[in-house]
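Fold and geometry: a report
In case you want the letters, here they are:
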Amino acid sequence: MATTAPTGSPLSQPSLTHPPPPRKVTTVKALSESPGLSSIPSIYTFPKQTYHEPVSDTKEPIPTIDFSLLTSSHPGQRSKTIRELGKACRNWGFFMVTNHGVPERMMKAIIEVSREFFELPEEEKRGIGGKHVLDPIRFGTSFNESVDEILCWRDYVKIFQHPEFHSPKKPPSFREIALEYSKRVRLVAREIIRGISESLGLEKDYIDETLNLENGLQLIAANLYPPCPRPELAMGLPPHSDHGLLTLLIQNQIGGLQVQHKGKWVNIDPIPNSFLANIGDHIEILSNGKYKSVLHRAVVNNRDERISIAVPHGPALDAIVSPASKLVENVGNPPAYGAMKYKEYLELQQGTMLNGKSCLERIRNGD
Ligand code: OGA
Ligand code: NI
């Protein structure tokens, strides 16, 4: 039987039957605006090794995929681009997408209206949406503020765009801008996913059809990283991989994203008017590990407010994801991951403390 210190003593532990009341966590925006803030509360301080990990000085550029060639009617151009896409997925898991056809004004508008959203009064933002991963609108801070032991220097709002469209009521223009942006970005993402399917030696529409992308989940995740007086102690987002198939990210021209490549962190500098794409855990599962969903993180700085808009695209919530049959057994690769409903994966991930790729590791077979 467990022993407990007598209640009331300085050693008393929170009892299991009476969990401590939920922490009241302020937003990073409110915190960063506290007058005269020159340090950060200890709950935002990450262990030293986190920020002392080497940052790569590689000159190797992150791959670029010219979207207009992916959709080219010229078969030679298309197949060459598909080979490049496959190589980018195998070697980096991240790539820039240029000539995607989404107008620059839409990219600017979604960043601007997200900034306006974060400027709403605190009580108004706090009253928005729910807390569960399947709630269509979620506003919060850190990664998962109720389980994080160390808080991240980030506020966020995540809004389901598809198969059902949702929008906060304020700012009033959010709805129209988000609707237009998410529609255009979804077209780009589905086309890239078709290319990824082909690059794996599968039918062009294999992923689209097997995972029911007509009803695929799409979110807008707007991230706010306010200036931080001690950026070397804090983390905007600690290392994680993304759930789903493909995330397309833009930012307000302030750097901060780092990608794990050949064992080091590589700074990714924003290229104006292009998307930064990365493959998610469910491409890793579907490809039976041929393509890895790569760890990335966001660091912060002490000068500029950074905003990023990540748009993850996933299977339909009820779709069951498993390694593609063509990529297992008959080619001597037993399935490396168990089958799981996308929705259940999301719930599993939300209940898991942010800890590298722990969530994907939980469904990996044989280790
Ligand atoms: C994310 C993410 C990185 C960034 O939202 O999953 O990785 O640069 N964001 O904001
Ligand atoms: Ni991410």
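Per an unreviewed UniProt entry, the chain is named Fe2OG dioxygenase domain-containing protein, and its organism is Gossypium mustelinum. Turning to the chain, the UniProt record has this under Sequence similarities (unreviewed entry): "Belongs to the iron/ascorbate-dependent oxidoreductase family."

1. Structural notes on the coordination of the nickel ion (ligand 2)
The protein atoms donating to the nickel ion (ligand 2) are His-240 (NE2), Asp-242 (OD) and His-296 (NE2), with metal-donor distances spanning 2.1 Å. Spacing between the donor residues of the nickel ion (ligand 2) along the chain follows H-x1-D-x53-H. In this pair, Asp-242 is assigned in the loop between strand 6 (237–240) and strand 7 (246–251) and His-296 in strand 11 (residues 296–298), connecting sequence segments 54 residues apart. For Asp-242, a relative accessible area of 14% gives the class buried. A relative accessible area of 5% means that His-296 is categorised as buried.

2. Things to note about the sheet that holds strand 3 (residues 137–141)
Across the sheet, which stays open at both edges, the 8 strands sit in the order 1-2-10-7-12-5-4-3 with mixed pairing between neighbours. Every interior strand has two partners, whereas the edge strands, strand 1 (64–66) and strand 3, have only one. The mean inter-strand angle of the sheet, taken between neighbouring strand axes irrespective of direction, is 25°. Sheet topology note: the strand 2 (residues 94–98)/strand 10 (residues 275–279) ladder contains 4 bridges and is antiparallel. Counterpart to Phe-94 in the pairing with strand 10 is Asn-278. In the packing of helix 7 (residues 174–199) onto the sheet, contacts are made with strand 2, strand 4 (155–162), strand 5 (218–225), strand 7, strand 10 and strand 12 (306–313), and the angle to strand 7 comes to roughly 130°.

3. Examining the site of ligand 1
Near ligand 1 you find Asn-223, Tyr-225, Leu-237, His-240, Asp-242, Leu-249, Leu-257, His-296, Arg-306, Ser-308 and Ala-310, and these make up its full shell. The side chain of Asn-223 places a nitrogen or oxygen atom 3.2 Å from an oxygen atom of ligand 1. A distance of 2.6 Å separates an oxygen atom of ligand 1 from a polar side-chain atom of Ser-308. Notes on ligand 1: free accessible area 290 Å², of which the protein chains cover 91%. Judged by the fraction of its atoms near the pocket grid, ligand 1 is located in the largest cavity.

4. Some words on the pattern of salt bridges
According to the stated counting rule, one finds 22 salt bridges in the structure shown. A salt bridge links Arg-194 to Asp-208, with the shortest nitrogen-to-oxygen separation between them at 3.7 Å. You can see Arg-194 sitting in helix 7 and its partner Asp-208 sitting in helix 8 (residues 206–210), a full 14 residues away along the chain. The class for Arg-194 is buried, based on a relative accessible area of 19%. Through salt bridges that share partners, Arg-190, Glu-191, Arg-194, Asp-205, Asp-208 and Glu-214 make up one connected network.

5. Describing the sheet that holds strand 11
The 4 strands lie next to each other as 6-11-8-9, forming an open sheet whose pairing is antiparallel. The sheet is open, and its two edges are formed by strand 6 and strand 9 (264–267), each paired on a single side. Between one strand axis and the next, the sheet turns by 20° as a mean value, whatever way the strands run.

6. Some remarks on the packing of aromatic side chains
For the structure on display, the rule yields 4 aromatic pairs. Taking 5.5 Å as the distance between ring centres and 80° as the angle between the ring planes, the aromatic pair formed by Phe-117 and Phe-118 counts as edge-to-face. Look at Phe-117 and you get buried, because its relative accessible area is 0%. An aromatic cluster of three or more residues is present, and its members are Phe-117, Phe-118, Phe-139 and Phe-174.

7. Concerning empty space enclosed by the protein
Summed over all chains, the structure comprises 3 cavities of 30 Å³ or more. Estimated volume of the largest cavity: approximately 600 Å³. Around the largest cavity, the lining is made up of 37 residues, and of these Phe-143, Lys-158, His-240, Asp-242 and His-243 lie nearest the centre. Elements with a minimum of two residues in the lining of the largest cavity: strand 4, strand 5, strand 6, strand 7, strand 10, strand 11, strand 12 and helix 10 (342–351).

What counts, and where the lines are drawn
- Residues numbered from 1 in each chain as written.
- Chains lettered and ligands numbered in written order.
- Predicted model: local features only at pLDDT ≥ 70, side-chain atom pairs only at ≥ 80, totals over all residues.
- Heavy atoms only, no water.
- UniProt positions renumbered as here; feature names shortened; annotations may be inferred.
- Donors = N, O, S within 2.8 Å, 3.2 Å for Na, K, Ca; no water.
- Helix = DSSP H or I, 4+ residues; strand = E, 2+ residues; numbered from the N terminus.
- Buried < 20%, exposed > 50% of the residue type's maximum accessible area, 1.4 Å probe, protein only.
- Pairing = 2+ DSSP bridges.
- Axes fitted to C-alpha atoms, helices over the stretch in contact; angles between N-to-C directions.
- Contact = heavy atoms within 4.5 Å.
- Near = heavy atom within 4 Å.
- Polar contact = N/O pair within 3.5 Å; in protein donor to acceptor, adjacent residues only side chain to side chain.
- Areas by Shrake-Rupley, 256 points an atom, 1.4 Å probe, with all protein chains shown as cover.
- 1 Å grid on protein atoms, 1.4 Å probe; cavity = no way out; pocket = protein on both sides within 12 Å on 5 of 7 lines; lining within 4 Å.
- Sits in = over half its atoms within 2 Å of the grid points.
- Salt bridge = Lys/Arg side-chain N within 4 Å of Asp/Glu carboxyl O.
- Phe/Tyr/Trp six-rings, centres within 6.5 Å; stacked < 30°, edge-to-face > 60°.
- Points joined across faces, edges and corners; volume = space filled by probe spheres on them.

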